[in-house]
Amino acid sequence: MSSKRILHVTSELVPYFDENPISSGVYNLAKQMFAQGNDVRIFMPRFGQINERRFQLHEVIRLSGMNLIINDLDQPLVIKVASLPGERMQVYFIENHEYFKRKSPYKDETDEWFEDNDERAVFFTKGVLETIKKLNWIPDIIHLHGWMASFLPIYLKTNYANDAFFSDIKVITSVYNQGSNGTFSSNLKDILEFDNINTSKLKYLIDNKYVSIIKEAMKDSDTIVKGEEVLIDELEDMFKQLNNPKFNFIQNEDVKEIYHVTSEIKIQE
């Protein structure tokens, strides 16, 4: 396989998070492909728990300064960047004080999911897409990890469908159990419809569960990978039903085949 531009979009990554299936999975996949000569970059939210000084984050002035409209709210977008410790791989951080400054990434002090997690995920999605456009860095493959990144295929298939910048990008979704008990607010469809997305055409958005968004991402991805050895039944059933190229859980083996298979898929007109 010739050298590829690979973008990982995730909410968690070692060492900015403790080790878990997502944070470790992204790290291992990115590190392996980077070591094989690929241009690999990672985007994640700049959550409040991430120590800016310790990890030497700095603002990218030419990328910051944009505002994104989320459900009729004008929200500033700040982009920070750091090198993954011990690697020459760049990690870009999507920052917004309203959405990401909280010390806890997903839940409040009573262990309840934040009511605006849908807005936060949409801001993250639009922030990633707008930033890579501003970078003028077109990835060959976008690899998604976790429910917060799972809105991205929806936006690629709708708002960005006619944008030539994104026309040849392939999408991989790694499926995890993260957020399997989560439910978005009742405003989820309103948030998407504000961006002129016809939610009636989203096959699996029959409720506001996080799992439903993950299933939408699986449906609209070119390749699906199990991020964990055992998935909850609902996601396991979906994994079995889809005809997309699929890979079972891969831990330490060479992962090049995932990207080779994905890069060979023909773009559907």
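As a reminder, the structure under discussion sits directly above these lines.
Residues numbered from 1 in each chain as written. Predicted model: local features only at pLDDT ≥ 70, side-chain atom pairs only at ≥ 80, totals over all residues. Heavy atoms only, no water.

Any chance you could explain the pairing of strand 2 (residues 39-45) here in plain terms?
If a strand is regular, its side chains alternate between the two faces of the sheet. Counting buried positions along strand 2 gives six out of seven residues, so the element sits mostly inside the fold. Of the strand pairs in this sheet, strand 1 (residues 5-10) and strand 2 are connected by five bridges, and their pairing is parallel. If you follow H8 over to strand 2, its bridge partner there is I42. Crossover strand 1 to strand 2 through helix 1 (residues 21-35) is right-handed. With five bridges joining them, strand 2 and strand 6 (residues 90-95) adopt parallel strand pairing. Bridging across to strand 6, M44 finds its partner in F93. (Buried < 20%, exposed > 50% of the residue type's maximum accessible area, 1.4 Å probe, protein only. Helix = DSSP H or I, 4+ residues; strand = E, 2+ residues; numbered from the N terminus. Pairing = 2+ DSSP bridges. Right-handed = clockwise from strand over helix to strand, strands pointing away.)

Just checking my understanding: could you explain the pairing of strand 1 for this structure?
Most of strand 1 is tucked away: five of the six residues are buried. As judged from the five bridges shared by strand 1 and strand 7 (residues 141-145), these two strands associate in the parallel manner. Pairing of V9 across the sheet is with L144, part of strand 7.

For this particular structure, what's the right way to read empty space enclosed by the protein?
Picture a little ball the size of a water molecule; that probe, rolled over the atoms, points out where space is still empty. Counted under the stated rule, the structure contains one cavity of 30 Å³ or more. In this model, the largest cavity occupies a volume close to 30 Å³. If you go around the largest cavity, the residues you meet are L144, H145, G146, S150, T173, S174, V175, Y176 and I214. At the level of elements, strand 7 and strand 8 (170-175) are the ones that each hand at least two residues to the lining of the largest cavity. For the lining of the largest cavity, the residue count by class is four nonpolar, five polar and no charged. (1 Å grid on protein atoms, 1.4 Å probe; cavity = no way out; pocket = protein on both sides within 12 Å on 5 of 7 lines; lining within 4 Å. Points joined across faces, edges and corners; volume = space filled by probe spheres on them. Nonpolar A, V, L, I, M, F, W, Y, C, P; charged D, E, K, R; others polar.)

What is the right way to read the side chain of D220 from this model?
Inspection of the secondary structure assignment puts D220 in the loop between helix 6 (210-219) and strand 9 (223-226). Judged by its relative accessible area of 19%, D220 is buried. Of note is the side chain of D220, whose polar atom sits 3.0 Å from the side chain of K219. Each residue touching D220, except ones within four places of it in the same chain, is listed here: P153 and K157. (Polar contact = N/O pair within 3.5 Å; in protein donor to acceptor, adjacent residues only side chain to side chain. Contact = heavy atoms within 4.5 Å.)

Quick question: what am I supposed to make of the pattern of salt bridges here?
Pairs can form between side chains of opposite charge once their charged atoms are near each other. Applying the stated criterion across every chain yields a total of 15 salt bridges. For the salt bridge of E52 with R46, the shortest nitrogen-to-oxygen distance reads 2.7 Å. A residue is classified by how much of its surface remains accessible, and R46, at 13% relative accessible area, is buried. For R46, the salt bridge identified is with E95, shortest N-O distance 3.4 Å. You can see R46 sitting in the loop between strand 2 and strand 3 (58-59) and its partner E95 sitting in strand 6, a full 49 residues away along the chain. Given a relative accessible area of 8%, E95 falls into the buried group. What you see here is one network of salt bridges that share partners, running through R46, E52, K80 and E95. (Salt bridge = Lys/Arg side-chain N within 4 Å of Asp/Glu carboxyl O.)

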